[in-house]
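# Structural overview
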Amino acid sequence: MSCGTDPRGPGGDGELLSAAGPHSDAQNPSGVDPEGYRVLIVEDNPHIIEMYAYVLKKLASGDLAGKVPLEVHFAPDGHHALTLLRERRFSLVMTDLYMPVMDGFALVERIRAEEALRNIPIIAISAGGKEAQDRAMQLGVDIFLRKPVRFVEVLETVKQLLRIGK
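Residues numbered from 1 in each chain as written. Predicted model: local features only at pLDDT ≥ 70, side-chain atom pairs only at ≥ 80, totals over all residues. Heavy atoms only, no water.

## Let's talk about the overall build of the protein
Counted only if it meets this: Comment: elements are numbered from the N terminus, with helices defined as DSSP H or I runs of at least four residues and strands as E runs of at least two. Each residue is placed in one exposure class: buried if its accessible area under a 1.4 Å probe, protein chains only, is under 20% of its type's maximum, exposed if it is over 50%, and partly exposed if it falls in between. In this description, contact between two residues means that some pair of their heavy atoms is separated by no more than 4.5 Å. What sets the accessible areas is the Shrake-Rupley method with a 1.4 Å probe; for residues, cover comes only from the shown protein chains.
Each helix and strand counted, the protein has 6 helices and 6 strands in total. Expressed as a percentage of its 166 residues, the buried residues of the protein come to 49%. In the protein, of all internal contacts separated by at least 6 residues, the share reaching a separation of at least 24 is 71%. Here the protein displays about 8000 Å² of accessible surface, and carbon together with sulfur accounts for 49% of that area.

Here it is, written out as structure tokens:
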């Protein structure tokens, strides 16, 4: 399964996982952004990207059920992620902490330092221990999940931060 751009490439082009129908306004679930959602996954491991993409496809076909658009974009590192974040509006960032070029710690620090980006919710997902979790939280991560993560844990966290089903 491939979602968005090639996980090994720089990212950018997104895949529309859920599209709003012509009468979607009346059917819009409470708490769902009528303009839809754009999620940025920042991860350098293609297998993990596939899992996150699968979770978001399930969200698009389940809770959102085609009522609002859900786009997923990918970046292999923080540098590419910042470029995408500055080009378009994102509803959520899901990032690894340990990546080449620019790691997730530096990415979170830069997101929180930029006025236009600082309010985007961030999920850090990492195999790092308590020290990594503490550092990520101090930098401004909204939620830290420890790898290996369970499918349902990722799904519920995304729904919580995007206020889906509330």
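## Thoughts on the side chain of Lys147
Threshold: Polar contact is defined as a pair of N or O atoms within 3.5 Å, subject to the rule that within protein one atom must be able to donate a hydrogen and the other to accept it, and that residues adjacent in sequence are counted only when both atoms are side-chain atoms.
Turning to its location among the elements, Lys147 is positioned in the loop between strand E6 (143-146) and helix H6 (151-162). On the basis of relative accessibility, which here comes to 16%, the residue Lys147 falls in the buried class. A distance of 3.1 Å separates a polar atom in the side chain of Lys147 from a polar atom in the side chain of Glu43. Here the side chain of Lys147 touches Asp96 through a polar contact of 3.4 Å, side chain to side chain.

## Concerning the pairing of strand E4 (residues 92-95)
The following threshold applies: Should DSSP find at least two bridges between two strands, the strands are regarded as paired. Clockwise travel from the first strand over the helix to the second, with the strands pointing away from the viewer, marks a crossover as right-handed.
By the alternation rule, side chains of E4 split into Leu92 and Met94 and Val93 and Thr95, which are all buried. Bridge analysis of strand E2 (residues 37-42) against E4 gives 4 bridges, and the strand direction is parallel. Bridging from a neighbouring strand, Val39 pairs with Leu92 of E4. Since E4 and strand E5 (residues 122-126) lie parallel, the crossover through helix H4 (residues 104-113) that links them has a hand, and here it is right-handed.

## Overview of the pattern of salt bridges
Heads up, the condition is: Salt bridge, as used here, is a side-chain nitrogen of Lys or Arg placed within 4 Å of a carboxyl oxygen of Asp or Glu.
Following the criterion strictly, the structure yields 8 salt bridges and no others. The residue Glu71 makes a salt bridge to Arg38 at a minimum N-O spacing of 3.0 Å. Residue Glu71 is found in strand E3 (residues 70-75), and its partner Arg38 is found in strand E2; the two are separated by 33 residues along the sequence. Look at Glu71 and you get partly exposed, because its relative accessible area is 22%. Assessed through its relative accessible area of 19%, Arg38 is described here as buried. Lys147 is the partner of Asp96 in a salt bridge, and the nearest nitrogen-oxygen pair spans 3.4 Å. Taken together, the residues Asp96 in the loop between E4 and H4 and Lys147 in the loop between E6 and H6 connect sequence positions 51 residues apart.

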